[in-house]
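Residue-level structure breakdown
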Amino acid sequence: MKTKKIILHVDMDAFFAAIEQREHPEFIGHPVIVGADPQGGKGRGVVSTCSYEARKFGIHSAMPISRAYKLCPQGIYIPPNGSLYSQVSKDIFKLFYEFTDLVEPLSIDEAFLDISGCIKLFGSARIIGEKLKYRIYEVQTLTSSVGIAPNKFLAKIASDLEKPDGLVIVDENNIQSFLNPLKLSRMWGAGKKTIEKFERFGIYTIGDLAKLPLNVLEQKFGKLGKHFYMLSRGIDDRPVIPEHLVKSVSNEFTFSEDILDINVLNKTLLRLSEKVGYRMRQKGLTGKTVHLKLRYEGFDTITRNKTLKHPTSNTDIIFKVINDLFTTNYEKKRKVRLLGVGMSGFQNKTGSQLSLFEQSDEKPSELDIVEDLIRKKFGKDAISRAEGLSKTKDPDRWIE
Ligand code: TTP
Ligand code: MG
């Protein structure tokens, strides 16, 4: 018999803005906007996030900063301090492990915890949710929102329903009535176009969707039909994958201003490839699949990948593939907000998954070896082939 799962999703409230309010108590109770410089309404770039006080003015993440300024000129505008936010994030994640080792990080401020095995120890799911929120507040003076449910899909919806400082528990006997009134945008995988398509059929809520038979959904949405069928009934079997089993290494970079300059984009891709190559080599890993993440102005994001014949951790090879992926997929003249490089399809150092006659490109180049030594001695950022990049990058914005 399959044991019942209990999944907890935790997401920090107004994360970057809340940290700024904590660091500057005089900002508490005021609209705080973290993002690009508004320059009196003429600024370029976007809002990273804003405090709940600022949300009352209609401001939200990814909104042009000039628009935010029009809506709330009296707001407190702050540039992001990425290294501080990364550190706070790391410290918060440590607290999750006080409850379970089954922690899957999702982003800088959210994670899934599989708490199925520790209910007895703590008493109940609700007690775990309350304790976790309390610990985060006790150590960090930051509020978080928690959702607890029989699966990831429901837990993630639940954590968002009563933000900020929310705790929502989905009763396993009332899943359908929990889902029925919710908008389709809550469905993982339902983008703008899909929602428009549903609306043309008079489907507006998850409850409407749950009335459709599987064959109709498959006819209209192909493979995604089954996915929507399952989710609209609250069925989701995805396991929580703990960090040490996450099978990829990636780094991304968010520009403080959206970028058109192809030189800056290329240098950033090289820098990211170096970082990923370095981390792979430190872990003794080689990988076969190279991933590119490309986010345009306004949060429109694509991911592309290519699988190599032979596994590698060689920076030159990673960069060459990334460069090819970028050149083929980048829509010229579109401003870029974020770039990411990743590797997956790992083999370990002994090449245990390599077939006998398969040749490995594992050998790091001489340059990789020298650079790794320098990094070990002087720190991760001591050297980069993307020379000159330091002039254009804002080091606070590296998020790993
Ligand atoms: P979110 O968890 O989406 O937002 P939030 O924590 O600020 O607010 P909420 O209470 O609604 O959860 O994202 C976490 C952080 O990631 C956020 O504080 C800033 C950053 N971020 C951006 O920089 N740009 C974006 O467009 C988004 C959505 C988030
Ligand atoms: Mg958040």
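Residues numbered from 1 in each chain as written. Chains lettered and ligands numbered in written order. Predicted model: local features only at pLDDT ≥ 70, side-chain atom pairs only at ≥ 80, totals over all residues. Heavy atoms only, no water.

**Examining the overall build of the protein chain**
Definition in use: Counting from the N terminus, the helices are DSSP H or I runs at least four residues long and the strands are E runs at least two residues long. Buried, partly exposed and exposed residues are distinguished by accessible area as a fraction of the type maximum, computed with a 1.4 Å probe on protein chains only: under 20%, between the cut-offs, and over 50%, respectively. Any two residues whose heavy atoms approach within 4.5 Å at even a single point are treated as in contact. Note that accessible areas follow from Shrake-Rupley with a 1.4 Å probe, and for residues the cover is restricted to the protein chains shown.
A count of helices and strands for the protein chain gives 16 helices and 13 strands. Expressed as a percentage of its 400 residues, the buried residues of the protein chain come to 47%. Taking the intrachain contacts of the protein chain between residues at least 6 apart in sequence as the baseline, contacts between residues at least 24 apart amount to 66%. Carbon and sulfur atoms make up 54% of the accessible area of the protein chain, which totals about 20600 Å².

**Looking at the confidence of the model for the protein chain**
What counts here: Per residue, pLDDT measures the predictor's confidence, with a range of 0 to 100.
The predicted model of the protein chain averages 87 in pLDDT, with 88% of residues at 70 or higher. When the criterion is pLDDT under 50, residues 349-361 qualifies, and its contacts beyond four places in sequence or with other chains add up to 17 contacts. Residue range residues 388-400 is modelled with pLDDT below 50. Its contacts to residues more than four positions away, or to other chains, number 32 contacts.

**Re the nonpolar core**
Which entries qualify depends on this criterion: Remark: nonpolar core denotes a set of buried residues (Ala, Val, Leu, Ile, Met, Phe, Trp, Tyr, Cys) joined through side-chain atoms within 4.5 Å.
By size, the foremost hydrophobic cluster in this structure holds 35 residues, and its most contacted members are Leu8, Val10, Phe96, Leu113, Ile115 and Leu132. The greatest single-element share of this core, amounting to six residues, is contributed by helix H4 (residues 82-96). Leave out the neighbours within four places in its chain, and Ile115 touches Ile6, Leu8, Thr100, Ala125, Ile128 and Ile148. With 30 residues, the next largest nonpolar core counts Met280, Tyr296, Phe326 and Met343 among its residues.

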